[in-house]
Amino acid sequence: MFFYCKRLNKHINRTADEKMFDSLLQPVTLGPTRLRNRIFNPPHGTTLGRQGVVTDDLIAYHLARARGGVGLIIMESMTVHPSYGFEEAFLYAGSDRIVEGLNRLALGCREQGTPVFGQLFHAGRGVRLSHDGSRPLSYSASDMPDERYRVVPVPMPNDMVWELIESYVDAAGRLADAELDGVEILASMGYLIAQFLNPQTNLRDDEFGGKLDNRMRFLREVLNRSRQRIGSDKTLGIRITLDEKTGKGMPAEEMIRVCQALEADGNVDYFSVISGSSSAPDGWIHVFPPMSVAPGFVADDAARLKQAVSKPVLVAGRINQPQLAAQIVDAGKADMVGLARALIADPEFIDKMAQGRAEDIRACVGCNQACVGHRLAHYPVSCIQNPASGRERQLGEPRPAARRRRVLVVGGGPAGMKAAAVAAERGHDVELHEKQTVLGGQVNLAAALPGRAEFGGVSTNLQRELERAGVDVRLNSAVDQSVLDKFAPDRVVVATGAVTRLPEVEVDGCDMVDAWSVIRGEARPGRNVVIADWSCDWSGLGVAERLAREGHYVRLLSGGSVAGESIQAIVRDQWIGVLHGLGVEMIPFARFHGASAGSAFFEHMTSGEAIVCEAVDTVVSCFAARASRDCDWIDSIDGLEVSRIGDALAPRSVEEAVLEAVRLAVEI
Ligand SMILES: Cc1cc2nc3c(=O)[nH]c(=O)nc-3n(C[C@H](O)[C@H](O)[C@H](O)COP(=O)(O)O)c2cc1C
Ligand code: SF4
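A quick note: this is a predicted structure, and the numbers were derived from the prediction, not measured.

### What to know about the environment of A302
- Take A302: it is sitting in helix α10 (residues 299-308).
- Remark: the alpha-carbon pair of A302 and L314, spanning twelve residues in sequence, is separated by 7.2 Å.
- When residues no more than four places from it in sequence are discounted, the contact partners of A302 are V273, V313, V315, K333 and A334.

And the structure:
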């Protein structure tokens, strides 16, 4: 069956698989705004704004998603009031300075067929930022502290609540003045408006506290007045949470009653459902759900709300495959599905899906490293698999090579694969040699750990990129002079990764093995295991989990303030919860000194006191890997340009390997 694709200006043969996505590609209307399809890009802080206003980098970021075919962009949270301004981290809609850049962004995306909404936000007590290093006052409905930042807020004086409401309304007006198509009020994830709604965080006795009608007054006033300010030709929606995934969350039944009451008021055009809360670690894990959280885990909440209201319901949360997105819409669980990280990983997700190239989608693997990790550390968002994300203006569209060259890539880990794919895409003649029988390098190790199989997607995605780019891949091929003679490269890229090593300490009376050999199944630890975790990354946590699940007694002694200190905090926190449940003993700040007669010796890294672990059968070492020197001989060949990238330069993570690969490959 053929259909005409306007974007490609040609007829496309549609198979049954492609028709699977038809429902997603149907237009939908949110209030006065008509959208070309049912996929939206949910709000996500990018750290691409500067001093509260839109930058060219932020415009380029959103244009890439609009060009990729997304139906709607809901921009990142914008703050509305000086009590939670933080213009270094957020766009600030409390000032007219926001209007000009927003307008350019909105018009640019509209030209690509994608309307843009803006989201308005105040964190209330959830303050982790500072203007000068001192902790600023935080304001909430009451003085109930949270469990994440351990902040005791000031109960907001009554006149300040009214001032805040006006700030939201003024900010909504600025979004309308900037010609955005709609405004979303964030009333979810335990932030300020949710703190007013929740009876456990709102203990007020004025008109904003007590019965539900009073607790929802803040939100209702914001919506009613915003509607008057922006008029009926703009969409007005709210983001809500039905399940905060923490003990002190707002009950779902009450939130549904709030939605019904707001719908009856007639000002809300849609409800966007998400899960989790900023107020506690368990809730927070679900705001940025890592790969341990089931794909599409919010869909049933959306379905529940959909039964109770008649306006469109939107949902997001670990939707990273087009098949899952289609199932949610087909099952009538939601009217639209949101892809935040999925579009960070692949801005062309929707076009690929629509063109019958779903297998080309670079699926997000839920590692949180370069997206959430960067955002929470105040750097621009990116993706470990797609460094052009957040760097659109530098790496977005690699230009075709000026001169076709013969590029030999040595090593088939993420660095080598990415360098080869990008170089070939630009028109070079590329051969990739991997001495193992499979591609993937350390990704295969990480993916072999319990609950981490999805990480293997990094390798699968890159293999697809190699195929598409036409790279000649040679497995089981250690590069030697004969390979060089035969291929006669103009350029060699050494991406041979890292090799494991053991610390230089004395160990007797028990075994010492390295973590990688345990993961590969080559080493078989005894029952009582001590993990000497210098690296504080996935290897210590993962090996601890694997061995504890197999019945070993595991002690994890880490060389940082917490196990997993080097990986993204949400992934780490969730993992530590798993280890706790498995009975793994965790000791921080432990420097390994060796083992003797069945005891392993550590020193506390701040107090200097001895930590002795007795009755040890095996020490598993997670020590610093070493850059592979396999191809040092190539460096000395006269006249051959050789570059070294990724772990072969210095062991780090997939993120740096892939980034260095792209930076190199766009310059060849
Ligand atoms: C880097 C990042 C920043 C985010 N910032 C916001 C935000 O400003 N406002 C908001 O409502 N949600 C925010 N979120 C949550 C997303 O909108 C979305 O609900 C969440 O990422 C789950 O969807 P996903 O699995 O498609 O990524 C953010 C998510 C990410 C990854
Ligand atoms: S960094 Fe990881 S979680 Fe973030 S978008 Fe990329 S693959 Fe997804």
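### A look at empty space enclosed by the protein
- One pass over the full model with this rule turns up five cavities of 30 Å³ or more.
- Its volume calculated, the largest cavity comes out at about 720 Å³.
- Taken together, 43 residues make up the lining of the largest cavity; nearest its centre are P43, H44, G45, V287 and F288.
- By volume, the second largest cavity is sized at about 100 Å³.
- Taken together, 15 residues make up the lining of the second largest cavity; nearest its centre are C364, C367, C371, C383 and I384.
- Classifying every residue of the lining of the second largest cavity gives nine nonpolar, five polar and one charged.

### Considering the site of ligand 2
- Around ligand 2, the neighbouring residues are R341, C364, V365, G366, C367, N368, A370, C371, C383, I384 and Q385.
- Judged by the fraction of its atoms near the pocket grid, ligand 2 is located in the second largest cavity.
- Among the residues forming the shell around ligand 2, the class breakdown is seven nonpolar, three polar and one charged.

### Remarks on the pattern of salt bridges
- If you walk through the whole model with that rule in mind, you get 42 salt bridges.
- Here E253 makes a salt bridge to R304, at a shortest N to O gap of 3.7 Å. Within this pair, whereas E253 is found in helix α8 (residues 252-265), its partner R304 is found in helix α10, the two being separated by 51 residues in sequence.
- Across the pair E465 and K418 runs a salt bridge whose closest N-O atoms are separated by 2.9 Å. A residue pair is termed long-range when its members are at least 10 positions apart, and E465 in helix α18 (residues 457-469) and K418 in helix α16 (residues 414-425) qualify at 47 residues.
- When its relative accessible area of 8% is taken as the criterion, E465 is described as buried.
- The class for K418 is buried, based on a relative accessible area of 4%.
- Because the salt bridges share partners, they merge into one network encompassing R357, E359, D360, R464 and E467.

### Quick notes on the pairing of strand β12 (residues 235-241)
- By the criterion of burial, β12 is predominantly enclosed, with seven of the seven residues buried.
- What you see with β12 is no split at all: T235, G237, R239 and T241 on one side and L236, I238 and I240 on the other are buried throughout.
- Pairing of strand β11 (residues 182-186) with β12, which is carried by five bridges, proceeds in the parallel orientation. Paired with G182 across the strands is T235, a residue of β12.
- Regarding the hand of the β-α-β motif, the stretch spanning β12, α8 and strand β13 (residues 270-274) is right-handed.

### A closer look at the site of ligand 1
- For ligand 1, the set of nearby residues contains 22 residues, the closest of which are P43, R239, R318, A340 and R341.
- Contact between ligand 1 and S77: an oxygen atom at 2.9 Å from a side-chain N or O atom of the residue.
- Side-chain polar atom of Q119 to an oxygen atom of ligand 1: 2.9 Å apart, as the coordinates give it.
- In the complex, 95% of the free accessible area of ligand 1, which totals 600 Å², lies under the protein chains.

### Focus on the nonpolar core
- Formed by 128 residues in total, the largest nonpolar core has its most connected members in L120, I185, F218, L219 and L305.
- Contacts of L219, omitting those with residues within four sequence positions, involve I185, A187, I193, L197, I238, V258 and L262.
- Counting 71 residues, the second largest nonpolar core, distinct from the first, contains L432, L556, V571 and A665.

The rules behind these values
- Residues numbered from 1 in each chain as written.
- Chains lettered and ligands numbered in written order.
- Predicted model: local features only at pLDDT ≥ 70, side-chain atom pairs only at ≥ 80, totals over all residues.
- Heavy atoms only, no water.
- Helix = DSSP H or I, 4+ residues; strand = E, 2+ residues; numbered from the N terminus.
- Contact = heavy atoms within 4.5 Å.
- 1 Å grid on protein atoms, 1.4 Å probe; cavity = no way out; pocket = protein on both sides within 12 Å on 5 of 7 lines; lining within 4 Å.
- Points joined across faces, edges and corners; volume = space filled by probe spheres on them.
- Nonpolar A, V, L, I, M, F, W, Y, C, P; charged D, E, K, R; others polar.
- Near = heavy atom within 4 Å.
- Sits in = over half its atoms within 2 Å of the grid points.
- Salt bridge = Lys/Arg side-chain N within 4 Å of Asp/Glu carboxyl O.
- Buried < 20%, exposed > 50% of the residue type's maximum accessible area, 1.4 Å probe, protein only.
- Pairing = 2+ DSSP bridges.
- Right-handed = clockwise from strand over helix to strand, strands pointing away.
- Polar contact = N/O pair within 3.5 Å; in protein donor to acceptor, adjacent residues only side chain to side chain.
- Areas by Shrake-Rupley, 256 points an atom, 1.4 Å probe, with all protein chains shown as cover.
- Core = buried A, V, L, I, M, F, W, Y, C linked by side-chain atoms within 4.5 Å.

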